[in-house]
Structure formats: C-alpha cells, structure tokens
Amino acid sequence: MDSGREKEYTSEDYQIGLICALESEMAAVIAMLDEEHEMLDSQDRNDNNSYAFGRIHKHNVVIACLPAGIYGTTSAAIVAKDMLRTFNSLKFGLMVGIGGGIPGKIDIRLGDVVVSNPTNTSGGVIQHDGGKLKDGEEDIELKGSLNTPPTVLLSALTQLKAQRIRKPSLVPMYLKDMIKNNPMMEENGYSFPGIEHDQLFHSKYSHKTDKDDCGQCDKTQVLTRQPRKSVEPRIHYGIIASGNQVIKDAKRRDKLASKLGALCVEMEAAGLMNNFPCIVIRGICDYADSHKNNEWQPYAASTAAAFAKELLSFVSPGMVRNEGAFRGTVEELKKIESEQLDEQKQHFRQQKLQYDSEKHRKCHIALKPTSSYESQKNINPLKSPGTCQWAFEHPKFKQWDHNKKNDLLWISADPGCGKSVLSRSFVDKQLETNDTICYFFFKDNDDQDRLSIGLCAILHQIFSRQRQLIQYAMGTWENHEKTIQQETAELWRILLSASTHSDSNIICVFDALDECRIDDQKLFISYLSAFYKMSCSTASKGQHLKILVTSRPYADIELGFKDIPPTLPAIRLSGEKENDAIRQEISLVLLERIQKLGQDYNLASNTINKLQAKVLAMEHRTYLWLHLALEGINQIYKHSLQPDKDSEALELLPSNVEDAYEKILQRVQTQDHEKVRLIFQIIVGSKRPMTVTELALAFTIATQPNINQCKDLKIDENRFEKIIPQLCGLFVFINHSTVHLIHQTAKEFLQKPNRVAIDKSNSWIGHENFKVCDTLLASICTRYLLFDDLVSTIMPKKRKRDGTANTKTSHELLGYTAAHWPEHFRESNSNDKLVRDASLLYKTNQNYFHLWFDIFWDVNMRGLSPQRRWDVDPPQIARISVAAYNGHTAILRSLNNKEILGPTCTAPD
Ligand SMILES: [Zn+2]
C-alpha cells in the first residue's frame, strides 16, 4: 500500500461507495485498499457519517460505516442518504460485511461468501419481517423484492464468473496479503479459525448453555458434511433475505430457505437497495441458529472484503464514468427516510397506545370493588306504580334535577319509607338517558360500609361509560396500584377532576349514608360540603356533576352539613316532613295489595273492606310495615280453611314494625328457639353477608362442639337454604346464595339495648347483643382455623398460587374466618378457651399462623379480594406487631419478652 501521495482528492473523485455495518467489517475493507487516502477537508454539514478513503485497483472508493451499535435497514438508508449529500458523483455502492448462512440445497460453510444475484423473480435481496401465525408460531412476512443491482456491477459479475471457470480466485491471495500487511489482524481473529470450529448442528437441536461457545452442546448432533478439498472460501450467488430482526433460530432460518430460497440473512441491505444502486456481499459467519456466535465474524468480514476487491477488478473505470449519477436521489432518500421515520413513529405510537390501553384496562379492573355494586342495587325491590312521587315531584328535587350546574341534594327519610327503592328507581330511570349515572348503596357490612369502596364503584362506572376519563386516575393508579381502593382522598379528587372533563353530565347516587362507617361518613360529609360550597361560588362550564345522597334523618349527619351557610339554597329534602305524602302513597299501595290478596284467596268484598279499613287506621305506616303486615296476613290465609270467617288476620295486624317483627318471631317453635338464636347471632354478628354455605358451616361448628376436622363437617347446603327461611320466617331472605336480614331495622331490632327484654321475657327484641355475637363468631373462627386437616389440605396447594386451592365445601369458611377472626376476638368476652385457641393461631412456627395471616394481610392491608390473595406475599412480620395491630391484649400479655425482642418470623418451609 502506497501512502503519502501528493494528490489532493475532493469528494468529486469518489464514485464508488462501500458501506459496512460494523467497524470490524470496515477494518477488513480498509485492509483491502491498495492505497489509503487522507481524510477530506470537508463534508456536507448535514452528513453525519465518518469515512475512510482509498483506492482499490483503479477505483477511488469511499468507505462508510453505520454508527456503532445501530443496525437495521433504516439506519443503513440514513447512512446512504448522508453519503450522497457529500459525494455527488457517487455512482453505486457495495454493501460489504457479514451475514448468516442458510445451509440446505447449497453447501454453505463458514467463511464462504454470498453475493446478491438477481433471479427471474427478484432483484437479489428480499425484505422480510416477522409476523405471527394464528397458532402462535412465527411466520415470515414478505415485504417484496428490492431493486436489481446496477448493470455495471452485474456485467462485472458475469465476467468474474466466466474467468473463474478458467482461473482460480484471487480471494485467498488477498486474505494472505491482508494478514501480511497487517500482522495485528491475525491476533484480532482475522485469520482462518479452522474447520474444526465450523459446526452445523441439526435444525432441531438447540444451543444448550448461556455461554457463547458450543462446548456443552452434544457433538453427536453435528451434521456430517463432505470434507472440502480446500479451506478456501467459496462464492455463492443467490438471494439474500434482509430484515430488521436478528435471526438465531434454525426453524425460522429454514422457513426463510423454503419460502424465499434465500442463501443468507442480514439486516441492512433492504434499507439501501431501492434508493442506492448496490450489490450486497456477505461473508458467512454463522448459521443463523441458536448456536450462533461471534468467532467467525472477523474472518467472514475479510472474505467478503476480499471478494469485493476481486469484483472491483472487473469493473472498468470507463464504465463507472458512463454510469449516470443518480439524480434526485438525495430528495428520494429524504422522502424514503421520512417515510421510514413516520413508519417508526407510527409503530411507536401504536405500541404506546397498546401499552396505555393495557395500563388503562388494569387500572379499570383495580377500581372494581370485590362485590357487585349492581346486585347491591338490584337487591332492593322495584317501586310500585304511583309511589316515590313525594320525592320526584318535590320542588327541591326538581330544582336539583334541572339545575344547570354542579349540585348536591340530600334526601332524608325515616326507616322503612322506601329510600333505597327510591334510589334504585331513580338510577334505573337515569340509566336510559345520555347522562352518566353511577351509584353506590352503603350497607353496614365490610363490603359496603367504606367510602373508598363507594368511590371506586362510582369511578368504575364512570370509566366504563367514558373510557377517556380514566387518564385522571392513571397517576394515582401508578403510585398505588393494588392499594388504590384504600386511597379515599385521591379517589374523591379523581371524581372531581374527571367530572370537569366529562362529555356528559355525571350523576352520582349514594344511598343510605347512615350505613357508611362513622369516620368515613364524617369525611364524606366534609367533602360534600366543600363540593357544594365550591359549586355555589363558581359557575360550572360544560357538563355538571350532580350528587344525590339519601339517609335517615340523623342529627349527626345534619350536624355534619352545618358548614354549609344558611344563605345558600337548602340541600336537604326532608322526607320525614313529607310523611303525609308518603302515607298517602303507602295507602294507595296498601289498598291495591289487599285487593289483590282478596282476589288470591277469593275473599268476600265485605272482608276486603274490613281489612282495608283496619289497615288504613294504623298509625305507624311504612313500606316495611306494610310488607311485613301483608306477608303476615298472607301466611294466615295460606293455612286457613275458611278465610272469610278467619278474623285472626285482623287481630294479628302489627301496629308498627317492631311489633311486626315480634309477631313474625312468635311463630318460631319453642324447640327451635336455640337454633334460631344461633343463626341470628351469626347473621347479625358477621362482618359481611355470609353465603349459605358459610352460614351452614358456621352453624354446624357452633352446634357440634366436638368437631375438629374438616372432614367431619358434613353439611347439606340445599337443605339449609330451604330451612333457614322456614325457621326464621320473614326475618331473613336469600339473594344470590347470600343470606340477608330483611331490613336494616331487623338488625337494629335484634340488637336494641336490652331494656324491653327485661319487661317482656318472651320478647326477641335486643336478644342478640354485640358481645354475644362476637364471642360466638370468635369461637367458631378460631376452632375452624385450628382444624388439623385444614392446614394440611390447604397449605401445600397454596404454594401453587393457582387460585383453585380450596374447592372443597368444607374449606369455604377459610376466607371469612381468616380475614375476620381477629376482629371478632377483639370484641368478644374472651374466655380462657378462646385465648388459648387464639394464642395457638399466633404460633409462627406452626402452619396455623400462615394459613390465616396471609389471607388476613391481603384482605385487610391491601384491599384485595380473597380470590386474588396469592398474588403478593405478605411481609415478614413479628407476631407481636400483628397482635398489637389487632388489639389482642390478651395475646400480648401471653407473649414473653423473648418474643418481643426476638427476630421476625419466617415462613415454615
Ligand atoms: Zn451450541
């Protein structure tokens, strides 16, 4: 190689460009130069490439390399475009570098060279892309064949092939010279690695280790190939497959072979071929399978460079001069580049959209409360025709309804006046309009008494209707994810900000605020007051947020709203002041129902009239009373042989709801009293409505003190489901296999402080006080959690996290007991036996502890539903902290100092 030539070159002097993807390829090309040139003094200011310059045979060539670490068809196109900015005289190019060989019909070995060669159907390079087949297997998607190399190169190729028939290739000599002139290249792996390092494994045999080399791979899986007479590289002409993905999978490689007939895979050519006339020369460095490694890359780059040099010897400078410079190519390339960038941006945008919508979906799911807000609404009866008008026709209601601004209305009314029926009927009516209606029915059980859950239900409904608003929840969701259901203040804030961007009015109905837990109730009223004051002081633009709250007329709720200045329009519709209107509506319903009852039992019109008169004379009239009274009469007539003469019905009419409850319970047979009491205690004491199965299991445990194994818990749920209403009369009802007391007042009746019971020993009122219920449930829960076979049958499956662990009926009490026993125990009259059992549950070296604590943690700490409880591990936590958290002072007293100072517990594996 000569150097230090006097002549100064300009960009006009270079008509052939060599493009490499890797610097190791560039090094090999530079090593093939017959003469190296100085760098040019300047290049186009928009050209970001770095170049090497020199001469091969009679041609001045410029060598460009892709920026380090960036491969793929798009970057190749950008390099070519930049190159054309500086080198206006460029006529064509050669892509020189390495590629993956596709063995098959043609015996390709490592170090061989594949040259893109047009066929009848393609220009020599075919662009492909990954795609998925329906069965999940990857498929090859063809993006079409690219332009044929320039004629000057094709004719050089023809001459070269012709000469090879007569004379040997100069490639081996060029390789030798390269090492001779650049001895360091041998150390850097540019010499022939040796045929023993050329192993082609069976297509179905995958690489075994994380290591690059195949030392651990089974040598019997290496295909036996006919030894070649010489190790000199062979040149193959054919199809090169070009795509943006690295192919390192024999199956995919073979698909490319069968589909395209390709001999080689690489990643850059497709970016060039249509815009920059060139030929692609690839030295084979691997077999594009899982065994692929870098060992052969330098040598393969050299064989490709050597072939490029040989090819250029068949290109005459005259032909190059005559080849027209490609006009407008810079513009074309710019266009292509911007199209490709657009495509990439589009792709990116789509990915982001997909990613966002996946995140949105997860957030939406995270907001959904465990129990269905819809069935909590639908458990309330439908309204009778002509009723609820006292509210819907009230001027305050109408004003709230028609107001064109954010607004709040609080409807208070006495128990049993049909508030929840009112709420349900309003919601059902609104569901048919264009407004976004959402609702939550509070109830004093663990599923329904928290504001945060109510707000989650509301937001879940809003986002179901207006998906775009979920963006206002994303920040909070990203911060809290699974615990989002506990972030009351955040949820309220989301509701306010989402409502200001809503595309329709949002109407929120919160039923029975008095059944919301006290601290949440106070908080909610303060939110509502602030919301109302704000809505009065600012004109709302666009859509409105309307909130409707119903409750009993309790003084503390009224007190809560005292912050609202009396100068503002009243927010309260006092149903208790509308009692006359309500009574009239009830009278109408009453007359109608008695008429129907008369028809059902064929009563004489005289009897019907008497009944109606008697009923209308009653003072305490509510829907609940009406329902109970009529059901009572119904029961009597059902068993009466002479309904017309039966005056019992009239005498038995209860004068008020409590009286009605007493009358219902009077029908409980004396021998059943004990059973019914237990059932009431379980229902009244439970922290959430139990399923029939849970109730049956709890009842069985309570009545059979000797049971201590799950396998002995034999229950017949169907029978139990039939017997409960029989035993408890109208007091309970079963809805979707869940047991409910007929009304909130029934619970209050059973738990009313014991004053009346002293007078009337026969009375059921105040029968079930809180302590008694909690003590019973604490004992049921602790006994159940200590069943030996519960631990042994559940624990191993728990580890699987498959969520299908407890399918046995006898396991169905686990979720409830684990989540709620600490609360029952805390509120109980703890006796020695209870404390002993509870201490056992705290023994962290036994499985009992983990059985309940994992569930307890998830339900109470993370707001997760029991079904999802295996998703996350509870923390390692000292039992002393758990006992303290639970307020279990009796347990704390029983723990010794060692425990207090000791390490945290670990899983008993
Ligand atoms: Zn291997």
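Asker: It is not clear to me how the sheet that holds strand β13 (residues 436-441) should be interpreted in this structure. Could you clarify?
Answerer: Strands in a sheet are paired, the pairing made by backbone hydrogen bonds, and the direction either parallel or antiparallel. Strand order in this open sheet of 5 strands is β13-β14-β15-β12-β16, and the pairing throughout is parallel. The sheet is open, and its two edges are formed by β13 and β16 (572-574), each paired on a single side. The mean angle between the axes of side-by-side strands here comes to 15°, regardless of whether they run parallel or antiparallel. Pairing analysis gives 6 bridges linking β13 to strand β14 (residues 506-511), with the strands arranged parallel.

Asker: What am I meant to see in the coordination of the zinc ion here?
Answerer: Each donor-metal-donor angle would ideally measure 109.5 degrees in four-coordinate tetrahedral geometry, or 90 or 180 degrees in six-coordinate octahedral geometry. Binding of the zinc ion to the protein goes through His 207 (ND1), Cys 214 (SG), Cys 217 (SG) and His 291 (ND1), at separations of 2.0 to 2.4 Å. Mapped onto the sequence, the donors of the zinc ion take the spacing H-x6-C-x2-C-x73-H. You can see Cys 217 sitting in the loop between α5 (184-187) and β9 (235-242) and its partner His 291 sitting in the loop between β11 (278-286) and α7 (297-312), a full 74 residues away along the chain. His 291 shares its class with Cys 217; the two are buried.

Asker: How do you make sense of the environment of Ile 102 when you look at a structure like this?
Answerer: For Ile 102, the location among the structural elements is in the loop between β5 (92-101) and β6 (113-116). Put simply, Ile 102 and Ala 257 are 155 residues apart on the chain and 6.7 Å apart in space, counted from C-alpha to C-alpha.

Asker: So what exactly am I meant to see when it comes to the nonpolar core here?
Answerer: Soluble, globular proteins show a tendency: their nonpolar side chains are buried together. In this structure, Phe 463, Phe 510, Ile 547, Tyr 661, Phe 731 and Trp 852 are the most contacted members of the largest nonpolar core, which totals 161 residues. Leaving out residues up to four positions away in the same chain, Tyr 661 has contacts with Leu 624, Leu 628, Phe 731, Ile 742, His 743, Thr 745, Ala 746 and Phe 749. Counting 85 residues, the second largest nonpolar core, distinct from the first, contains Ala 52, Phe 92, Leu 94 and Leu 312.

Asker: How do you make sense of helix α21 (residues 623-638) when you look at a structure like this?
Answerer: Side chains that are three or four residues apart share a direction in an α-helix, a result of its 3.6 residues per turn. Taking 1.5 Å per residue as the helical rise, α21 with its 16 residues ought to reach 22 Å, and the 22 Å between its terminal C-alpha atoms agrees with that figure. All buried positions along α21 are accounted for by Tyr 623, Leu 624, Trp 625, Leu 626, Leu 628, Ala 629, Leu 630, Gly 632, Ile 633, Asn 634, Ile 636 and Tyr 637.

Asker: Please clarify how the packing of aromatic side chains should be interpreted in this entry.
Answerer: How two aromatic rings sit relative to each other is given by the distance of their centres and the angle of their planes. If you walk through the whole model with that rule in mind, you get 41 aromatic pairs. Seen from their ring centres, Phe 392 and Phe 397 are 5.3 Å apart, and the 50° between their planes marks the pair as tilted. Across the pair, Phe 397 and Phe 392 agree in class, each one buried. Between Trp 492 and Phe 524, the ring centres sit 6.0 Å apart and the planes meet at 80°, which makes this aromatic pair edge-to-face. Of this pair, Trp 492 sits in helix α16 (residues 488-500) while Phe 524 sits in helix α17 (residues 518-537); the two residues are 32 residues apart in sequence, bridging distant segments of the chain.

Asker: Help me understand unusual backbone geometry, please; the structure alone is not making it clear to me.
Answerer: Among all residues save glycine, negative phi is the norm, and among peptide bonds the norm is trans. Positive phi outside glycine occurs at Cys 388, with the angle close to 70°. Assignment of secondary structure puts Cys 388 in the loop between α10 (373-378) and α11 (389-392). Located in the positive-phi region is Asn 602, a residue other than glycine, with phi close to 55°. Here Asn 602 lies in the loop between α19 (579-600) and α20 (605-616).

Asker: Any chance you could explain the pairing of β6 here in plain terms?
Answerer: Neither face of β6 is open: one carries Val 113 and Val 115, the other Val 114 and Ser 116, and all of them are buried. Direction of pairing for β6 relative to β9: parallel, over a ladder of 4 bridges. Considered in β9, the bridge of Val 115 is made with Tyr 237.

Asker: Help me understand a negative patch on the surface in this model?
Answerer: Together, Glu 196, Asp 212, Asp 213 and Glu 295 line one region of the surface with negative charge. Of note, Glu 295 is situated in the loop between β11 and α7.

Asker: What am I meant to see in the pairing of β5 here?
Answerer: A regular strand places its side chains on the two faces of the sheet in alternate fashion. The buried fraction of β5 amounts to 10 of the 10 residues, a majority that puts the element mostly inside the structure. When strand β1 (residues 16-20) meets β5, the two strands line up parallel, connected through 4 bridges. Along β5, the bridge assignment pairs Ile 19 with Met 95. Pairing of β5 with β11 involves 8 bridges; the strand directions are parallel. Looking at the pairing, Gly 97 lines up with Arg 282 of β11. Taken together, the 2 bridges between β5 and strand β10 (residues 262-266) define a ladder with antiparallel strand orientation.

Asker: Before we go on, may I ask you to explain the pattern of salt bridges in this structure?
Answerer: Applying the stated rule across the entire model yields 33 salt bridges. A salt bridge links Glu 558 to Arg 572, with the nearest nitrogen and oxygen atoms 3.4 Å apart. Placement of Glu 558 in helix α18 (residues 555-560) and of Arg 572 in strand β16 is noted, with a sequence separation of 14 residues between them. The class of Arg 572 is buried, set by a relative accessible area of 14%. Ionic contacts of the salt-bridge type, sharing partners, join the residues Asp 107, Arg 109, Asp 112 and Arg 228 into one network.

Parameters at a glance
- Residues numbered from 1 in each chain as written.
- Predicted model: local features only at pLDDT ≥ 70, side-chain atom pairs only at ≥ 80, totals over all residues.
- Heavy atoms only, no water.
- Pairing = 2+ DSSP bridges.
- Helix = DSSP H or I, 4+ residues; strand = E, 2+ residues; numbered from the N terminus.
- Axes fitted to C-alpha atoms, helices over the stretch in contact; angles between N-to-C directions.
- Donors = N, O, S within 2.8 Å, 3.2 Å for Na, K, Ca; no water.
- Buried < 20%, exposed > 50% of the residue type's maximum accessible area, 1.4 Å probe, protein only.
- Core = buried A, V, L, I, M, F, W, Y, C linked by side-chain atoms within 4.5 Å.
- Contact = heavy atoms within 4.5 Å.
- Expected span 1.5 Å × (residues − 1).
- Phe/Tyr/Trp six-rings, centres within 6.5 Å; stacked < 30°, edge-to-face > 60°.
- Patch = residues over 30% accessible without salt bridge, like charges linked within 9 Å, V, L, I, M, F, W, Y side chains within 5 Å.
- Areas by Shrake-Rupley, 256 points an atom, 1.4 Å probe, with all protein chains shown as cover.
- Salt bridge = Lys/Arg side-chain N within 4 Å of Asp/Glu carboxyl O.
- Lys, Arg positive; Asp, Glu negative; His and termini not counted.
- Charge placed at Lys NZ, Arg CZ, Asp CG, Glu CD.

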